[in-house]
Amino acid sequence: MSVLVGKNTRLVVQGITGTAGGFHTRQCMEYGTNVVAGVTPGKGGQLFDKKVPVFDTVSEARAETGCNVSVIFVPAAGAADGILEAMDAGMELVICITEGIPVMDMMRVKAWMRGRTSRLIGPNCPGIITPGECKIGIMPGYIHKPGKVGVISRSGTLTYEAVWQLTSRGHGQSTCIGIGGDPINGMSHLDAVKLFNDDPETEAMILIGEIGGSAEEEAAEWIQQNCRKPVAAFIAGGTAPPGRRMGHAGAIVSGGKGTAAGKIEALKAAGIAVADTPATMADTLIQRMKERR
Amino acid sequence: MNIHEYQAKELLQRFGVATPSGKAVSSAEEAEQAARELGTDDLVVKAQIHAGGRGKGTFANGFQGGVHLAKSAAAARDLAAKMLGQTLVTHQTGPVGRVVNKVLIAKSAEIRREIYFAILLDRATAAPLIVASTEGGVEIETVAEKSPEKIIREPIDPLAGLQPFQARKLAKQLGFESAQIKSVSQLFEGLYRTFIGLDCSMVEVNPLVVTPGGEVLALDAKFNFDDNALYRHPEIAAMRDTQEEDPREVEASKSGLNYIGLEGDIACLVNGAGLAMATMDIIKFYGGSPANFLDVGGGATEEQVTQAFKLLVSDAHVRAILVNIFGGIMQCDVIAQGIINAAKTVHLSVPLIVRLEGTNVAAGKKLIAESGLAVIAADDLGDAAQKVVKAAERK
């Protein structure tokens, strides 16, 4: 079992004819993802790798192929528009990989999304994977293994680190969601936690956060009230200097808010096991799972 | 990205926000000339650096204060001569201070009262938020602590924008008289247009002053721009002053690397921002101190990795280097080749610890093993961090 994506996912790739879009589409198809369409304005009618039909618009792709999930590899200047187009065409889930979208563009996207049912993952994220079934994004497939741990993270490579630790210790993953490192993004830690909490096949979770904002604190509060599954967490950025943007635009500590220390305290207060270092994320969760048994 | 005070004022004027007239100059002669052109004997001379606390700062030559009033063009000239080319140390610059290359010569405004007015992007609501207070001229954090009831918050609908009634409401809450409401609300709308039009993450006017004659002027302004949006504002990108930045960071940005200089002695080269932060954290956890944050990104080329490595080696504080790569899109053999190339051209005098995992890891490890480089290989992140901390201590 899994959340959001699986065997029934029919994927459309926006930006399929670009270098990054093309490369990762092939990787996803090799993993077994059902890619049914691509979209590049002006290139409608072509076939990607002699297999996947390319359309000018997402709504055409939807009408012709019945795609229900979209992944976006469109360059930053056009990516926000791409998100809106996918939602307008009725995609249930939109995953935006693109990095470097202006914050004002994302602000308008979020406002436009209000009252709509489509979900957004990202932007500036590695994507989502249900091991053994469906990979949508840029993560290396082979480090994953089907199983029962849900992984939620703002960071790409740090997610791989956690997944690899789990897999090397014999623990598979139900689904791994990279929610992205931007200050304004789609799905939050809390949204993902709720999905995993309701998923009967997910038995435990790893929550990876970083400095800036208060999304981790909100998730912690909800977990304390509502979640009985073991949860381990790690917060990156404890050593980051205040006021500086640490690669992710969202990772700025300002005015004493959003610090790693504050987040760790909130997580611990909610009964979540917090790993001391990024090298012990899986071990911390496994330890907590044993304690709960 | 940050800009200087004089640049901020130019931007405000362009959007219809009044500021005291003035000019930025880079020599004492120009200072005197600018003062004469202003046609007044009530002048202020302000050192232009990207740091706060200028008024209370001290120059390395002992001269006190980076902001002074002057009563004549000759006095402005003398003050400019004492500041230009000198290093100003404030509570925000650190002990190294910043060299003053420009001073602003401006009309000194008479002040009846001071107001705080800022527009920022509130990530919790994903919308603009106006924060204002009748207690201007001091840091807003101080007001928030001592008299939180004096802080006004006005949320803005991101699609509709600031509405005229909201601007009028703010003007009233900030104590303006009926006769001033119209002009003041237009000023607020001008500030909002600046905020949206230039893709700012924050515009802060502190203080916004009211003169005895009822004139409303922005006396100082601070802008934070969204780096992601600079591509559509070339005129803002051109305002970047690299002399205000860490030279290591300027060098890194030329190669498209994401680098932030820190005080420690363990250099790190990592792919991905989250993992780069986490690598710094684990170095600290084992008792070491990171010399930098460096994210080579997801799709770095061999050339970029070589540049990154050269940058780390050129830092004299560095006593050990940790390369931590989890290859996803990034392939381990590309990283390995970049390191080998760099090591050929620079003299590597400090221990190098390499931890590779992910895509093409076997090929990457093989390249390094066959290169003859003195590399300490690490099995996992914990092992790598402990080895690099130990190596830096021994050095």
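The shown structure was predicted, so the numbers you read here are calculated from the model rather than taken from an experiment.

Student: How would you explain the overall build of chain A if you had to name every residue and give the values?
Tutor: Along the backbone of chain A there are nine helices and 14 strands. Once the C-alpha set of chain A is aligned to its principal axes, its extents read approximately 55 × 40 × 30 Å. Restricting the contact set of chain A to residue pairs at least 6 apart, pairs at least 24 apart contribute 72%. For chain A, the exposed area adds up to about 10,700 Å²; of that, 48% sits on carbon and sulfur atoms.

Student: How would you summarise the interface of chain A and chain B if you had to cite specific residues and measurements?
Tutor: Chain A puts 50 residues into the contact, and the matching count from chain B is 45 residues. Interface of chain A and chain B: buried area, both sides summed, is about 3,900 Å²; carbon and sulfur atoms make up 64% of it. Taken together, chain A and chain B are joined by two salt bridges. The residue Arg232 of chain B makes a salt bridge to Asp105 of chain A at a minimum N-O spacing of 2.8 Å. Counting the contacts that link chain A with chain B gives 11 residue pairs in polar contact (both at pLDDT 80 or more). Listed by contribution, the elements that provide at least two residues to the side of chain A that touches chain B are helix H4 (103–113), helix H5 (156–168) and strand E13 (231–236) of chain A. Top contributing element to the side of chain A that touches chain B by residue count: H4 of chain A, with eight residues. Here the side of chain A that touches chain B is built from residues that sort into 27 nonpolar, 13 polar and 10 charged.

Student: Describe in detail the sheet that holds strand E1 (residues 11–14) of chain A, supporting the description with residues and values.
Tutor: Residue and element names in this part refer to chain A. Taking strand neighbours across the sheet as the criterion, the seven strands line up as E3-E4-E2-E1-E5-E6-E7 in an open arrangement whose pairing is mixed. Looking at strand neighbours, the two that pair on one side only are strand E3 (47–48) and strand E7 (119–121), the edges of this open sheet. Bridge count between E3 and strand E4 (residues 52–55): two bridges; the pairing is antiparallel. The residue bridging Phe48 from the neighbouring strand is Val52, located in E4.

Student: Now, about the packing of aromatic side chains: what can you tell me, with residues and values included?
Tutor: Tallied over the full model, the rule gives seven aromatic pairs over all chains. Relative to Trp164 of chain A, the ring of Tyr142 of chain A has its centre 6.3 Å away and its plane inclined at 70 degrees; by these criteria the two rings are edge-to-face. With Tyr142 of chain A in the loop between strand E9 (134–137) and strand E10 (146–153) and Trp164 of chain A in helix H5, this residue pair connects regions lying 22 residues apart in the sequence. Plain terms: the ring middles of Phe117 of chain B and Phe188 of chain B are 4.2 Å apart, the flat faces sit at 15 degrees to each other, and that makes the pair stacked. Note that Phe117 of chain B is positioned in strand E8 (residues 113–122) and Phe188 of chain B in helix H6 (residues 181–197), a separation of 71 residues in sequence. Directly above the aromatic system of Trp112 of chain A lies the positively charged group of Arg116 of chain A, at a separation of 3.5 Å from the ring centroid. Taking NZ or CZ as reference, Arg113 of chain B lies 4.9 Å from the ring centre of Phe176 of chain B, over its face.

Student: Quick rundown of the nonpolar core? Include the residues and the values.
Tutor: One finds Ile95, Ile136, Ile177 and Leu207 of chain A to be the most contacted residues of the largest nonpolar core, which totals 97 residues. Ranked by residues supplied to this core, first place goes to helix H9 (residues 273–285) of chain B with eight residues. Once you skip the residues sitting within four places of it in the chain, Ile95 of chain A turns out to touch Val69, Ser70, Val71, Ile72, Ile121, Cys125, Gly127, Ile128 and Ile136 of chain A. Counting residues in each nonpolar core, the second largest holds 71 residues, with Leu174, Leu187, Phe195 and Leu198 of chain B among its members.

Student: Provide a residue-level description of helix H8 (residues 247–254) of chain B, including the pertinent values.
Tutor: All names here are of chain B. Residues Arg248, Glu249, Val250 and Ala252 constitute the buried set of H8. On its buried side, H8 packs onto strand E14 (258–261) and helix H10 (302–313). Residue Asp246 occupies the N-cap position of H8, its side-chain oxygen lying 2.9 Å from the main-chain nitrogen of Arg248. One or two residues past the end of H8 sits Gly256, with phi positive at roughly 70 degrees.

Student: Explain the pairing of E10 of chain A to me, and be specific about the residues and the numbers.
Tutor: Residue and element names in this part refer to chain A. The pairing of E10 with strand E11 (residues 173–178) spans five bridges and is parallel. Residue Pro146 lies in a different strand from E11, and its bridge partner there is Gln173. Remark: the E10/H5/E11 crossover connection has right-handed handedness. Looking at chain direction, E10 and strand E12 (residues 204–210) are connected through five bridges and run parallel. Bridge pairing in E12 links Ile152 to Leu207.

Student: Could you give an account of the packing of helix H2 (residues 28–38) of chain B against helix H3 (residues 73–83) of chain B, with specific residues and numbers?
Tutor: Residue and element names in this part refer to chain B. The interhelical angle for the contact between H2 and H3, taken along N-to-C directions, is 150 degrees, at an axis separation of 8 Å. Between H2 and H3, the angle falls in the class roughly antiparallel. In this structure, the crossing between H2 and H3 has a hand that is right-handed. The residues of H3 that touch H2, namely those facing Ala28, Glu29, Ala31, Glu32, Ala35 and Arg36, are Ala73, Ala76, Arg77, Ala80 and Ala81. Here the contact of H2 with H3 is composed, by residue class, of seven nonpolar, no polar and four charged.

Student: Got a sec to walk through the pattern of salt bridges? Specific residues and values, please.
Tutor: Residues and elements named next belong to chain B. The final tally for this structure, using the stated rule, is 31 salt bridges over all chains. Here Glu244 makes a salt bridge to Arg98, at a shortest N to O gap of 2.9 Å. Taken together, the residues Glu244 in the loop between helix H7 (234–237) and H8 and Arg98 in strand E6 (residues 98–99) connect sequence positions 146 residues apart. Judged by its relative accessible area of 9%, Glu244 is buried. You can call Arg98 partly exposed: its relative accessible area is 22%.

Student: Can you tell me about the environment of Ser168 of chain A, naming the residues and giving the values?
Tutor: Residues and elements named next belong to chain A. Mapped onto the fold, Ser168 is located in helix H5. In this structure the C-alpha to C-alpha distance between Ser168 and His144, which are 24 residues apart in sequence, comes to 9.5 Å. A distance of 2.4 Å separates the side chain of Ser168 from the backbone oxygen of Trp164, its partner in a polar contact.

What counts as what
Residues numbered from 1 in each chain as written. Chains lettered and ligands numbered in written order. Predicted model: local features only at pLDDT ≥ 70, side-chain atom pairs only at ≥ 80, totals over all residues. Heavy atoms only, no water. Helix = DSSP H or I, 4+ residues; strand = E, 2+ residues; numbered from the N terminus. Contact = heavy atoms within 4.5 Å. Areas by Shrake-Rupley, 256 points an atom, 1.4 Å probe, with all protein chains shown as cover. Buried area = accessible area lost by both parts, 1.4 Å probe. Salt bridge = Lys/Arg side-chain N within 4 Å of Asp/Glu carboxyl O. Polar contact = N/O pair within 3.5 Å; in protein donor to acceptor, adjacent residues only side chain to side chain. Nonpolar A, V, L, I, M, F, W, Y, C, P; charged D, E, K, R; others polar. Pairing = 2+ DSSP bridges. Phe/Tyr/Trp six-rings, centres within 6.5 Å; stacked < 30°, edge-to-face > 60°. Lys NZ or Arg CZ within 6 Å of the ring centre and 35° of its normal. Core = buried A, V, L, I, M, F, W, Y, C linked by side-chain atoms within 4.5 Å. Buried < 20%, exposed > 50% of the residue type's maximum accessible area, 1.4 Å probe, protein only. Right-handed = clockwise from strand over helix to strand, strands pointing away. Axes fitted to C-alpha atoms, helices over the stretch in contact; angles between N-to-C directions. Parallel < 35°, antiparallel > 145°, perpendicular 65-115°, else oblique. Left-handed = near helix turned anticlockwise from the far one by under 90°.

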